[in-house]
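In case you want the letters, here they are:
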Amino acid sequence: MKTALLFAAVSTAAVTLLPVATAQAQVSQAEAQINALEGLFGKHAGVRRSQAKGVCASGYFVGNAVGRSLSSAAVFNGDRVPVVARFSVGGGNPKASDKSKSARGLALQFKLPNGEQWLTSNVSAPMFFVSKPEQFVPFLQARMPDPATGKPDPAKLKAFNEANPETTLQPAYFAKAPVPASYGSVNYWSTNAFEFVNARGASQFVRWQFVPERGTLGLTDEQLKTMPDDFLAAELRQRVASEPVAFDFKVQLAELGDVLTDPTKVWPDSRVVVPAGRLVIDRVEAGPGGACDPITYNPLVLPKGIKPSADPVLLARPAPYAVSLGRRISEGAAAK
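Residues numbered from 1 in each chain as written. Predicted model: local features only at pLDDT ≥ 70, side-chain atom pairs only at ≥ 80, totals over all residues. Heavy atoms only, no water.

Trainee: Help me understand the pairing of strand β4 (residues 117-123), please; the structure alone is not making it clear to me.
Mentor: The side chains of a regular strand alternate between both faces of the sheet. Among the seven residues in β4, six count as buried, and that is most of the element. Where strand β3 (residues 104-111) and β4 come together, seven bridges link them in antiparallel fashion. The residue bridging F110 from the neighbouring strand is W118, located in β4. The turn joining β3 and β4, which pair antiparallel and follow one another in sequence, is formed by five residues; a positive phi near 60° is taken by N114. (Buried < 20%, exposed > 50% of the residue type's maximum accessible area, 1.4 Å probe, protein only. Helix = DSSP H or I, 4+ residues; strand = E, 2+ residues; numbered from the N terminus. Pairing = 2+ DSSP bridges.)

This is the structure:
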């Protein structure tokens, strides 16, 4: 990451750190979230605390006239915009199985003209797993294994779910969805709402998704039995070596009354969805590492023409990203 981007990420964190409960009075909310991720998945030096397992890729994005009608952002001007992408498996374990029924992530850095950037962090479910930042830590703590059994305490998990029913929606979605056959054959959603502002100053709240042009494809239970725990990165490399992987960028338009500040609430299917551009991935790193490694994919790094909604989950996301980055950097320095 360039120094300016790192400074921006840390600066954003500085103004978004929130206090946590009295029991953790000396720990910021962001630090508590990263500590909880480490508590559940273990501490793995030098890697991200969330979406720890992944592969770097690159390509370009081309916006269209529909995108330009909604937003004045330079990403929609019709030119090829360079993109640094990271595909990932959910959770904080860099050795997680690719056969897990968990989130797949698509994080993107759009390198726009005049030094602007647009960073996005998208997941393979139309909803997020918490509706407010305060649920993040207890959500993870409820899933921490009991030392005696190696599994979460069912009573503790049941009590949390009953008190926070909206947090069960994403896990239920993944439980029913097939395990993706490829990083390039699954939908990725923003889950959070954003405000598009066009050249005339007209505003439209949206959520977006990246839809694979060749359609979605999942693995059957029988296929899973024959698959290794690590196949997604190699499959993507092989796929892109044959031909680029493309996604349609589609924007869902909010209507009056739609909830803009709770990412666990999915908007009705009746809402208009329009194509606003095309993402093409034409290169995948041959091994670990790559240009994506130092990028936080802070979703509040936005170009002119795109604004954040008042969603508290969205507004709280940059801070733990910066904490995670700081720990990764310090661990790397300590190893030298």
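Trainee: Is there a simple way to think about the side chain of T191 in this case?
Mentor: Tracing the backbone through its elements, the reader meets T191 in the loop between β6 (188-189) and β7 (194-197). With residues near it in sequence (within four places) discarded, T191 still touches V123, A125, P126, M127, F128, R207 and P263. (Contact = heavy atoms within 4.5 Å.)

Trainee: Hey, could you run me through the pairing of strand β8 (residues 203-212) in this one?
Mentor: The element β8 is largely enclosed, with a buried count of seven among its 10 residues. Where β6 and β8 come together, two bridges link them in antiparallel fashion. Bridged to Y188 within β8 is F210. For β7 and β8, the ladder comprises four bridges, and the chain directions are antiparallel. Bridge pairing in β8 places V197 opposite S203. Here β7 hands over to β8 after five residues, with G201 in that stretch at a positive phi of 90°. Bridge count for β8 against strand β10 (residues 245-253) is seven bridges, and the pairing is antiparallel. The residue of β10 that forms the bridge with Q209 is K250.

Trainee: Honestly, the state of the cysteines in this entry has me stumped. Any pointers?
Mentor: By definition, a disulfide links two cysteine residues through a covalent bond between their sulfur atoms. A full pass over the atoms with the stated rule returns one disulfide. Here C56 connects covalently by a disulfide to C292, the sulfurs 1.6 Å from one another. When the S-S torsion is -65°, as for the bridge of C56 with C292, the disulfide is left-handed. Pair noted here: C56 is in strand β1 (residues 53-63) and C292 is in the loop between β11 (273-284) and β12 (306-308), with a separation of 236 residues, a long-range link. Residue C56 is classed as buried on the basis of its relative accessible area, which comes to 3%. For C292, a relative accessible area of 0% gives the class buried. (Disulfide = S-S within 2.5 Å.)

Trainee: Quick question: what am I supposed to make of helix α8 (residues 232-242) here?
Mentor: Given 3.6 residues to a turn, an α-helix orients residues that are three or four positions apart in the same direction. The complete set of buried residues in α8 reads L232, E235, L236 and V240. Seen end-on, α8 carries its buried residues on one side only, within an arc spanning 125°. Exposed and oriented more than 90 degrees from the buried face of α8 are Q238, A241 and S242. In the core, the buried residues of α8 are packed alongside β1, β2 (80-89), β3, β5 (179-180), β10 and β11. (Arc of directions from axis to C-beta.)

Trainee: I keep staring at the nonpolar core and nothing clicks. Help me out?
Mentor: Looking at soluble globular proteins, one finds that nonpolar side chains tend to be buried together. By size, the foremost hydrophobic cluster in this structure holds 47 residues, and its most contacted members are F87, F110, F210 and V251. Of all the elements in the fold, those that place two or more residues in this core are β1, β2, β3, β7, β8, α8, β10 and β11. What F210 contacts, discounting residues up to four positions off in sequence, is L106, L108, F110, N122, V186, N187, Y188, F247, D248, F249 and L279. (Core = buried A, V, L, I, M, F, W, Y, C linked by side-chain atoms within 4.5 Å.)

Trainee: When you look at the side chain of S185 in this model, what are you seeing that I'm missing?
Mentor: Structurally, S185 is set in the loop between β5 and β6. One polar contact links the side chain of S185 to the main-chain amide nitrogen of S182, over a distance of 3.2 Å. The contact partners of S185, leaving out residues within four places of it in the chain, are P212, G215, T216 and L217. (Polar contact = N/O pair within 3.5 Å; in protein donor to acceptor, adjacent residues only side chain to side chain.)

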